[in-house]
Amino acid sequence: MSTPDRESVEFTCDGTRIDAWFYRGGNYSGVRGVDLSPLVVMAHGLGGTKNMQLDAYAQRFVAAG
């Protein structure tokens, strides 16, 4: 599922490819890409993936600002 608030991103860390979703907070000013919202990093434990309902939690954090 794609939402307007979510971007798919990927990067490499210590040789491991990371595939993630990035949600912009409600305080995104658009000025030089500054977002004044707090940063929250969420991940499942062992064996879990981002497709296992993490999006529902992320959407609630974004809605709460």
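All values reported here derive from a predicted model rather than from experimental measurement. As a convention, each chain's residues are numbered from 1 in the sequence order in which they are written. Local features in this predicted model are restricted to residues whose pLDDT is 70 or higher, and side-chain atom pairs enter the listing and the counts only when it is 80 or higher, whereas totals over whole chains, interfaces and linings include all residues. Hydrogens are left out, water is left out, and the side-chain values use all remaining heavy atoms of the structure.

Novice: I'd like to hear about the layout of surface pockets, residue by residue, with values.
Specialist: Cavities and pockets are found on a 1 Å grid laid over the protein atoms alone: a cavity is a set of points where a 1.4 Å probe fits but cannot escape, a pocket is an open set with protein on both sides within 12 Å along at least five of seven lines, and a lining residue has an atom within 4 Å of such a point. Grid points are joined across faces, edges and corners, and a volume is the space filled by probe spheres set on the points. The computed volume of the largest pocket comes to approximately 910 Å³. As for the largest pocket, its lining consists of 30 residues, of which Trp 21, Tyr 23, Val 40, Val 41 and Met 42 are closest to the centre. Each helix is a run of H or I in the DSSP string that is no shorter than four residues. Each strand is a run of E no shorter than two, and both are numbered from the N terminus. If you list the elements that add at least two residues to the lining of the largest pocket, you get strand E1 (6-13), strand E2 (16-23) and helix H1 (54-64). The biggest single contributor to the lining of the largest pocket is E2, with 6 residues.

Novice: Quick rundown of the pairing of E2? Include the residues and the values.
Specialist: Moving residue by residue along a regular strand, the side chains alternate between the two faces of the sheet. Where E1 lies against E2, 8 bridges are found, and the strand directions are antiparallel. Counted as the bridge partner of Ser 8 is Trp 21 from E2. When DSSP finds at least two bridges between two strands, those strands are taken to pair. Connecting E1 to the antiparallel partner E2 that follows it, the hairpin turn spans 2 residues, and Asp 14 within it adopts a positive phi of roughly 50°.

Novice: How would you explain the packing of aromatic side chains if you had to name every residue and give the values?
Specialist: Note on aromatic contacts: the rings of Phe and Tyr and the six-membered ring of Trp form a pair at centre separations within 6.5 Å, being stacked when their planes are under 30 degrees apart, edge-to-face when over 60 apart, and tilted otherwise. Under the definition given, this model contains 0 aromatic pairs. Charge-over-ring contacts are defined here by two conditions on Lys NZ or Arg CZ: a distance within 6 Å of the ring centre and an angle within 35 degrees of the ring normal. A cation over an aromatic ring shows up here: Arg 6 above the ring of Trp 21, its NZ or CZ 3.9 Å from the ring centre.

Novice: Which residues make up unusual backbone geometry, and what are the values?
Specialist: We note that Asp 14 has phi near 50°; this positive angle belongs to a residue other than glycine. By secondary structure assignment, the location of Asp 14 is in the loop between E1 and E2. Positive phi, normally seen in glycine, also occurs at Gln 53, with a value near 75°. Examined against the element boundaries, Gln 53 turns out to sit in the loop between E2 and H1.

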